[in-house]
Amino acid sequence: MKKTIKNKIVLVEDSITICRDLKANLSEFGYDVIAVFHDGESFLQTESSLHYDLLIMDIYLAGKLNGVETVENLFQNKIVPVLFLTGTTEEKIIERAKLLNPMGYLLKPYTPAQLKITFEMAIQKWKIDDELRIYKEHLEETIVERTKELFLAKEKAEKSEQLKTAFIHNMSHEIRTPLNAIIGFTELLINPKINEEKKIEFVNYIQNSTASLLTLVDNVWQLSHIQIGEFIPVITKCYINQILDEIEIEIKKQAYQENKNLSINILKFNSKPDFHFFSDPTIIKKIIANIANNAVKYTYKGSVIIEYKVLDNKAIVSVKDTGIGIEKNNITNIFELFYKIDTEKNKLYRGAGLGLALAKSLADAISARIIVDSEFGIGSTFSIEIPSVKPTDNLHHLNSLALVNNSDSQKEFLENFLADYHTKFKFFSNANEFCSIIKNGISFTHCILNVLNKEDGKNALSHIKKLTHIPIILLLPYEFFDFFSSQKNEDVENTYFLIKPIEKIQMTKLLKQLQII
Ligand code: ADP
């Protein structure tokens with residue numbers, strides 16, 4: 001049975017007889033009188049400890065405060081529903097009571113029927129008032145929220161407008177400079193008066209300008225890929241020493257081209273060449289490269305030192321330079337897209353303001369952190385904390401493309417190839433292993449099956465085809481091609497062939513056609 005909750009009433013009335021009658025009548029109507037007071041002061045003293053739904057207040061109370069004054073006092077702290085009891089219709093006091101927006105008035109003497117109806121109406125009015133109050137509060141909250149949202153949207157729109165302007169400005173400058181160099185030096189190359197030695201120098205300038213254009217396009221492409229959410233890290237072994245060796249070559253070349261006599265040092269924590277941890281090597285290289293590239297760019301004399309250590313399953317790579325340094329108030333801004341520190345001196349440095357924004361987005365993708373410690377005029381240290389990820393953690397992410405039965409060399413080739421496109425994949429050493437995973441309900445979008453032997457390949461293909469209808473790419477030696485292509489139609493339906501040794505161009509074409517990359 002549904003339990004009815006009684007409305008709790010507090011009564012303030014100086015007449016003991018009226019109190020007794022009211023109490024009896026009210027409990028008959030189903031109300032619960034939880035406290036009775038005979039003067040305003042004692043009510044006010046205890047009020048805060050009471051939990052009630054309606055206050056019945058006699059207007060003419062004995063004591064210092066009359067009923068209206070008592071309620072006026074109470075309302076300074078909180079508003080409660082009040083019903084006035086009165087034996088008078090004296091206009092002045094009624095006018096004052098009206099200002100308190102009471103739930104109703106009960107004129108003494110009253111009949112039980114009048115009492116009942118006045119109460120019901122008072123409680124009803126309170127409920128409606130309460131709903132309106134909640135609605136109003138909610139409305140106010142909604143308005144505040146919407147105003148905040150609109151303000152943020154406006155700020156965002158303004159910021160994106162600023163970014164767009166910065167983008168156009170930076171990009172046109174960054175594109176124009178190398179393009180002008182290419183156009184200028186190409187014109188000089190066809191000038192018959194220019195000697196061979198000079199020509200080699202000009203070709204060098206052209207090559208550098210082309211390389212910087214390519215890096216720019218590459219950065220923009222990668223950033224846009226990240227922004228549309230199409231960028232998925234590919235977790236595999238990260239041979240950090242190898243990554244740093246490659247970066248060392250690149251930044252030494254950069255220092256040479258920028259005509260800087262810097263001491264560039266790479267300190268390896270672990271000298272074993274096969275030392276590795278698990279993360280996305282392409283991403284890690286790009287992050288370190290962008291930071292190291294800045295270290296050289298913003299350093300005139302002194303050194304650039306790159307070192308790493310491994311702590312608590314984390315690799316910490318730090319790039320330390322003795323360059324121009326960064327003022328404290330700029331340290332967070334430098335990771336914003338297209339942000340360049342805008343001082344007269346900094347205007348001398350080229351750059352689109354993309355490098356660190358890209359490094360930060362890439363770091364987020366592999367849960368890495370970039371920490372900057374810099375002293376203006378002294379130099380900067382950028383530390384990249386990279387967590388080592390267990391390769392098995394990836395199982396759920398890597399279930400797009402299945403690579404089955406690949407030899408080690410093939411595996412490495414595919415790994416590198418797919419890493420460039422950030423394509424999700426999972427290796428299986430043989431078809432049985434792959435089939436049992438499919439049987440467990442894990443699905444893949446495509447399968448690349450390496451065929452080592454005609455009969456085994458044919459069996460593996462038909463086994464897989466019985467379980468899934470995904471497109472299958474067979475990697476075949478040339479001499480197996482006729483055998484497989486002449487199989488019954490249903491056996492090779494939705495099957496594609498790539499002849500080994502695989503040519504990157506053919507592979508790219510087919511994987512693009514199948515929308516794998
Ligand atoms: P940019 O293409 O302008 O170098 P980045 O995003 O790579 O763009 O860097 C943003 C800004 O941060 C730079 O314009 C530069 O003012 C500052 N900055 C980055 N790295 C360094 C550094 N190692 N030393 C001093 N300033 C740096």
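Here the residue index of a chain counts from 1 through its sequence in written order. Local features are withheld for residues below a pLDDT of 70 in this predicted model, meaning they are given only at 70 or higher, and side-chain atom pairs are given and counted only at 80 or more; totals for whole chains, interfaces and linings count all residues. With hydrogens and water set aside, each side-chain value is computed from the structure's full complement of heavy atoms.

In this section: the packing of aromatic side chains. Paired rings are identified among Phe, Tyr and Trp, the last through its six-membered ring, by centres lying within 6.5 Å, and are further divided according to the angle between planes into stacked (under 30 degrees), edge-to-face (over 60) and tilted (the rest). Scanning all chains against the criterion turns up 15 aromatic pairs. Each ring, one from Phe425 and one from Phe427, has its centre 5.4 Å from the other, and the planes form 75°; the classification is edge-to-face. Partly exposed residues are those whose accessible area sits between 20% and 50% of the maximum for their type, while under 20% is buried and over 50% is exposed, using a 1.4 Å probe and protein chains only. By relative accessible area, Phe425 is classed as buried at 5%. For Phe427, a relative accessible area of 16% gives the class buried. Measuring from centroid to centroid gives 5.7 Å for Phe428 and Phe444, while their planes differ by 80°, and the two rings are edge-to-face. Of the two residues, Phe428 sits in strand β14 (residues 425–428) while Phe444 sits in the loop between α11 (431–439) and β15 (446–450), which places them 16 residues apart along the sequence. By definition, any uninterrupted DSSP run of H or I lasting at least four residues is a helix, any uninterrupted run of E lasting at least two residues is a strand, and each is numbered from the N terminus.

So, about the pattern of salt bridges. The salt bridge definition used is simple: a Lys or Arg side-chain nitrogen within 4 Å of an Asp or Glu carboxyl oxygen. Counting across every chain of the model gives 21 salt bridges. Between Asp129 and Lys125 there is a salt bridge, with the nearest N and O atoms lying 3.7 Å from each other. With Asp129 and Lys125 both in helix α5 (residues 112–189), this residue pair falls four residues apart, about one helical turn. Judged by its relative accessible area of 22%, Asp129 is partly exposed. Its relative accessible area of 28% is what places Lys125 among the partly exposed residues. Of the charged contacts, one joins Glu385 and Lys314 as a salt bridge, the two residues approaching to 3.5 Å between their closest N and O atoms. Of this pair, Glu385 sits in strand β12 (residues 379–387) while Lys314 sits in strand β10 (residues 314–321), and the two are 71 residues apart along the sequence. For Glu385, a relative accessible area of 14% translates into the label buried. Here the residues in one salt-bridge network are Glu13, Asp58 and Lys108, joined through shared partners.

What follows is about the sheet that holds strand β11 (residues 369–375). The mixed open sheet is built from five strands, whose spatial order is β7-β9-β10-β12-β11. Each edge of the open sheet carries a strand with a single partner, namely β7 (263–267) and β11. The average angle at which neighbouring strand axes cross in this sheet is 15°, direction not considered. Direction of pairing for β7 relative to strand β9 (residues 303–311): parallel, over a ladder of five bridges. Paired with Leu267 across the strands is Glu307, a residue of β9. Two strands make a pair as long as DSSP finds a minimum of two bridges between them. The convention used is that axes are lines fitted to C-alpha atoms, helices contributing only their stretch in contact, and that angles between N-to-C directions extend from 0 to 180 degrees.

Moving on: the nonpolar core. Nonpolar side chains tend toward joint burial in soluble globular proteins. Grouping buried Ala, Val, Leu, Ile, Met, Phe, Trp, Tyr and Cys residues that are joined through side-chain atoms within 4.5 Å yields what is termed a nonpolar core. Core analysis: the largest hydrophobic core is formed by 51 residues, its most contacted members being Ile287 and Ile288. A per-element tally of this core places helix α8 (residues 281–297) first, with nine residues. In this structure Ile287 touches Ala359, Leu362, Ala363, Ile366, Ile370 and Ile384, once residues within four positions along its chain are discounted. Membership of the second largest hydrophobic core comes to 22 residues, among which are Met57, Ile59, Phe75 and Val82. Working rule for contacts: check all heavy atoms of both residues, and any pair within 4.5 Å makes them a contact.

Let's shift gears to the confidence of the model for the chain. On average, the chain scores 85 in pLDDT, and the residues at 70 or more come to 93%. pLDDT measures the predictor's confidence residue by residue and takes values from 0 up to 100. Contacts of residues 392–399 to residues separated by more than four positions or lying in other chains number eleven contacts, the stretch itself having pLDDT below 50.

Once that is clear, we can look at the sheet that holds strand β2 (residues 32–37). Taken together, five strands build an open sheet; the order of strands is β2-β1-β3-β4-β5 and the sheet is parallel. Looking at which strands have only one partner, the edges of the open sheet turn out to be β2 and β5 (104–107). Averaged over all pairs of adjacent strands, the angle between their axes in this sheet comes to 20°, without regard to strand direction. Alignment of strand β4 (residues 82–86) against β5, held across four bridges, turns out to be parallel. Paired with Leu83 across the bridge in β5 is Gly104.

Counting along an α-helix, one turn takes 3.6 residues, and residues three or four places apart therefore face a common direction. Helix span, expected: 1.5 Å multiplied by one less than the number of residues in the helix. Between its first and last C-alpha, α8 extends 24 Å over 17 residues, near the 24 Å set by a 1.5 Å rise per residue. Buried residues dominate α8, accounting for 13 of its 17 residues. In the analysis that follows, any N or O atom pair within 3.5 Å is treated as a polar contact, provided that within protein one partner can donate a hydrogen and the other can accept it, and provided that, for residues neighboring in sequence, both atoms belong to side chains. Between the side-chain oxygen of the N-cap and the backbone nitrogen of Thr282 there are 3.0 Å, and the N-cap of α8 in question is Asp280.

With respect to the helices and strands, the residue Lys272 is situated in the loop between β7 and β8 (277–279). When the C-alpha positions of Lys272 and Pro112 are compared, they lie 98 Å apart, and in sequence the two are 160 residues distant.

Defined simply, a disulfide is a covalent bond joining two cysteines at their sulfur atoms. Here, a disulfide means two cysteine sulfur atoms that sit within 2.5 Å of each other. By the definition in use, this model includes zero disulfides. Cys447 carries a free sulfur, and the closest cysteine sulfur to it, the one in Cys435, is 8.5 Å from it. Given a relative accessible area of 0%, Cys447 falls into the buried group.

Throughout, near means a residue has at least one heavy atom within 4 Å of the molecule or strand. Around the ligand there are 21 residues in total, and Asn294, Lys297, Tyr298, Asp321 and Leu356 lie nearest to it. Gly353 is positioned such that a nitrogen or oxygen atom in its backbone is 3.1 Å from an oxygen atom of the ligand. The dominant element in the shell around the ligand, judged by the number of residues it contributes, is α8, at three residues. The classification used treats Ala, Val, Leu, Ile, Met, Phe, Trp, Tyr, Cys and Pro as nonpolar, Asp, Glu, Lys and Arg as charged, and all other residues, Gly among them, as polar. Each residue belonging to the shell around the ligand can be placed in one class, and the counts come to eleven nonpolar, seven polar and three charged.

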